[in-house]
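# Summary of the model geometry
The lines below spell out each chain.
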Amino acid sequence: MEQLIFINLLFSVIIVFFQRRNPRSVWTWLFALNFIPVFGILFYLLFGQDLKKSRMFRIKEISDRLNFPIKSQEEIIGADNVPEEMMDPISRDFRSLILYNLETSGAVLTACNRIQIYTDGQEKFAALRDALRKAEKYIHIQYYIIKNDEVFDSLVPILQDKARQGVEVRILYDGMGGRFMPSRRWEELKKDGIRVGVFFPPFLGWLNLRVNYRNHRKIAVIDGRVSFVGGFNIGREYISRDPRFGYWRDTHLKITGEAAIGLQIRFALDWHYATGENLFREERYFGEEENARRRLIRQEGPIWPEGSQDGDEACLQIISSGPDTREPYIRDNYLALFHKAKHHIYIQTPYFIPDDAILAALKMAASSGVDVRLMIPCKPDHPFVYWATCSYAGELLDYGVKVYIYENGFLHSKGVMVDGRVSCYGTANMDIRSFDLNFEVNATIYDEQVTGRLEQAFMDDLPHCRELTKQAYGQRGLWMRVKEQTSRLLSPLL
């Protein structure tokens, strides 16, 4: 017993004095360690590590490669005397956010991007297969979850065929998300010349002491010009073939153009950590895109071209965050968007567990007349997270936020739309886990046409939703109130 007390005291001292956590997280861990000591210690060993100060994800070549475009754009965007003709209305209004993302996370602004939106899994994977068949140089695929089912089976023959043609194929998956894939499948692919990497692989079976840090990114890059990012993983539920969830409503973006370089860089960093292979030493992976960046930041003509029909010239920034970044950049990007909203904010997320700043920003926006709408699923895939989501969503009702419960299956779409002008979609949920613990990547899009299409998809979902009213929320039962409050207390750990 004395040894147990000493261990609890030791971990408590580490949490309070040696880890820079927010106060709510500190108190939650202290509660777990001291009130459920045995399980608290186990949970801390599995979920309590702090990788924020780790330099394990750093690589010198990325700094060297990005130095020129970042510094050049900083000089142009940050200048006090930028000519009016070099900025369109959207970029002018969101100039401070563009500069913040550039200076903090290295998110270079790219133009001339064609963006296609997929809200159905069948359509998304059909588009991915079509893009894979057209690959000529390399295919880089990264998913949080890859399951051994018909969706993966539909991709494997294409990847094998491309590998036989001499196309370089790399697949990266998360150790937690890919735990159900039999190792024989990976060995078969390796024999065909396909390279496979595991991010935070488990040991001793499924045991993984870094299970709390999950690479939640979903990225595909083909030949450095075509890319995909969004919410769909590789599994049958994502094409609506799992009876447990029914129809799977998600959002995925196909980005053709200069922004593919941002996703390529993100993949290369994660691949280097997982496998040790440094793709930044090979100019062939980045040469053409580097030239595109140099063209983009030239000072002749507009930096931000006028958006054309179908979003042919959409401007966007690829933003990533997680334990490999100094600050929660995606969360900060959301926060800035909320503060800049003048007319409306539309949010879709399967998990809504905001930190204090996000919650306060939404309350302030709604209280000042901004039309704030939040859409969440009607069913849980993670019960505790779902109950905490209901608690936070219910709190916003008092401030005039409209909350919609999606009832046509499961809502997994992750994104924000502001004033019909700027949108941010990708892999990050609106929760503390995505802000601080998961490795995430989003695209912030400064374009009215693309944002308009995303908002139209949101509106098309409303007939399939039930609005949660203050009266209905107030009538929930005692047991539901207990589950909500308990889950909310544990929300920093979820």
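Residues numbered from 1 in each chain as written. Predicted model: local features only at pLDDT ≥ 70, side-chain atom pairs only at ≥ 80, totals over all residues. Heavy atoms only, no water.

### Some details on the UniProt feature "active site" (unreviewed entry) in the protein
Counted only if it meets this: UniProt positions are given in the numbering used here, feature names are shortened, and annotations may be inferred rather than shown by experiment. Think of it in three bands: with a 1.4 Å probe and only protein chains considered, a residue is buried below 20% of the maximum accessible area for its type, exposed above 50%, and partly exposed in between. We call two residues contacting when some pair of their heavy atoms lies within 4.5 Å. Counting from the N terminus, the helices are DSSP H or I runs at least four residues long and the strands are E runs at least two residues long. Any pair of nitrogen or oxygen atoms within 3.5 Å is treated as a polar contact; in protein, a donor-acceptor pairing is required on top of that, and neighbouring residues in sequence qualify only through side-chain atoms on both sides.
Using the residue numbers shown here, the UniProt feature "active site" (unreviewed entry) corresponds to His216, Lys218, Asp223, His412, Lys414 and Asp419. The class of histidine 216 is buried, set by a relative accessible area of 8%. Not counting chain neighbours up to four residues away, the residues in contact with histidine 216 comprise Tyr144, Lys414, Thr427, Asn429, Asn438, Phe439 and Glu440. Tracing the chain through its elements places aspartate 419 in the loop between strand E15 (415–418) and strand E16 (422–426). A polar side-chain atom of aspartate 419 sits 2.8 Å from the main-chain amide nitrogen of lysine 342.

### Digging into the nonpolar core
To keep it simple, the criterion reads: Think of a nonpolar core as a cluster: buried Ala, Val, Leu, Ile, Met, Phe, Trp, Tyr and Cys residues, connected wherever their side-chain atoms sit within 4.5 Å.
Membership of the largest hydrophobic core comes to 51 residues, with the highest contact counts inside it found for Tyr334, Phe338, Ile345, Leu362, Val403 and Met430. Once residues within four sequence positions are removed from consideration, isoleucine 345 is found in contact with Phe338, Leu362, Ala365, Val370, Asp371, Val372, Arg373 and Met417. Counting 43 residues, the second-largest nonpolar core is a separate cluster that includes Ile115, Leu253, Leu462 and Cys465.

### Looking at the environment of glycine 231
Here glycine 231 lies in the loop between strand E6 (226–230) and strand E7 (248–249). The spacing of glycine 231 and arginine 249 is 18 residues in sequence and 9.5 Å in space, taken between C-alpha atoms.

### Observations regarding the packing of helix H8 (residues 150–164) against helix H9 (residues 183–191)
Counted only if it meets this: As a rule, the C-alpha atoms of each element are fitted with a line to give its axis, helices using only the stretch in contact, and angles between N-to-C directions run from 0 to 180 degrees. Throughout this description, any angle smaller than 35 degrees is read as roughly parallel, any larger than 145 degrees as roughly antiparallel, any in the 65 to 115 degree range as roughly perpendicular, and the remainder as oblique. Handedness of a crossing is defined here by the sense of rotation of the near helix relative to the far one, left-handed for an anticlockwise turn of less than a right angle and right-handed for a clockwise turn. Each residue gets one label: Ala, Val, Leu, Ile, Met, Phe, Trp, Tyr, Cys and Pro are nonpolar, Asp, Glu, Lys and Arg are charged, and the others, such as Gly, are polar.
The interhelical angle for the contact between H8 and H9, taken along N-to-C directions, is 20°, at an axis separation of 10 Å. On the basis of their axis angle, the class for H8 and H9 is roughly parallel. Read as a crossing pair, H8 and H9 show a hand that is left-handed. In this structure, H8 contributes Phe152, Asp153, Val156 and Gln160 to the contact, and H9 contributes Arg185, Trp186 and Leu189. Here the contact of H8 with H9 is built from residues that sort into four nonpolar, one polar and two charged.

### Focus on the pattern of salt bridges
For the record, the criterion: The rule for a salt bridge is simple: a side-chain nitrogen of Lys or Arg has to be within 4 Å of a carboxyl oxygen of Asp or Glu.
For the structure shown, the criterion picks out 25 salt bridges. A salt bridge links aspartate 153 to arginine 185; the nearest nitrogen and oxygen atoms lie 3.0 Å apart. Residue aspartate 153 is found in helix H8, and its partner arginine 185 is found in helix H9; the two are separated by 32 residues along the sequence. A residue is classified by how much of its surface remains accessible, and arginine 185, at 10% relative accessible area, is buried. A salt bridge links arginine 195 to glutamate 277, with the nearest nitrogen and oxygen atoms 3.0 Å apart.

### Some remarks on the packing of aromatic side chains
Centre-to-centre distance and the angle between the planes together describe a pair of aromatic rings. Selection criterion: Side-chain rings of Phe, Tyr and Trp (the six-membered ring for Trp) are treated as a pair once their centres are within 6.5 Å; stacked means planes under 30 degrees apart, edge-to-face means over 60, and tilted covers the remaining angles. We count a charge as sitting over a ring when the NZ of a lysine or the CZ of an arginine lies within 6 Å of the ring centre and within 35 degrees of the ring normal.
Under the defined criterion, the tally for this structure stands at 19 aromatic pairs. Each ring, one from tyrosine 138 and one from tyrosine 285, has its centre 5.3 Å from the other, and the planes form 75°; the classification is edge-to-face. You can see tyrosine 138 sitting in strand E2 (residues 138–143) and its partner tyrosine 285 sitting in the loop between helix H10 (260–275) and helix H11 (287–296), a full 147 residues away along the chain. Pair check on accessibility: tyrosine 138 and tyrosine 285 agree, each one buried. Ring geometry for phenylalanine 200 versus tyrosine 273: centroids 5.7 Å apart, planes at 90°, classification edge-to-face. With phenylalanine 200 in the loop between strand E4 (195–199) and strand E5 (219–222) and tyrosine 273 in helix H10, the pair connects residues that are 73 residues apart, well separated along the chain. Given the relative accessible area of 3%, phenylalanine 200 is considered buried. A connected cluster of aromatic rings, assembled from ring pairs, spans Phe199, Phe200, Tyr273 and Phe439. A cation over an aromatic ring shows up here: lysine 124 above the ring of phenylalanine 125, its NZ or CZ 4.0 Å from the ring centre. Lying across the ring of tyrosine 473, arginine 476 places its NZ or CZ 3.7 Å from the centre.

### Concerning the side chain of aspartate 419
Threshold: Counted as positive: Lys and Arg. Counted as negative: Asp and Glu, with His and the chain ends omitted from the count.
Although aspartate 419 is buried, it forms no salt bridge, and the closest oppositely charged side chain is arginine 421 at an N-O distance of 5.9 Å. In this structure aspartate 419 touches Lys340, Ala341, Lys342, His343, His344 and Glu455, once residues within four positions along its chain are discounted.

### Some details on helix H7 (residues 121–133)
Our working rule: Expected helix span is taken as 1.5 Å per residue step, with the number of steps being one fewer than the number of residues.
With 13 residues, H7 extends 18 Å from end C-alpha to end C-alpha; this agrees with the ideal 18 Å at 1.5 Å per step. If you check which residues of H7 are buried, you get Gly121, Lys124, Phe125, Ala127, Leu128, Arg129, Ala131 and Leu132. Of the surrounding elements, those touching the buried residues of H7 are strand E1 (110–118), E2, H8, E5, E6 and strand E8 (252–256). Two to three positions downstream of the cap, the backbone nitrogen of glutamine 122 sits 3.0 Å from a side-chain oxygen, assigning the N-cap of H7 to aspartate 120.

### Let's talk about the environment of leucine 159
Note on placement: leucine 159 falls in helix H8. Under the relative-accessibility criterion, leucine 159 is labelled buried at 1%. Measuring from C-alpha to C-alpha, the distance between leucine 159 and isoleucine 139 comes to 8.4 Å, with 20 residues separating the pair along the chain. Among residues more than four places away in sequence, those in contact with leucine 159 are Leu132, Ile139, Ile141, Val169, Ile171 and Ile194.

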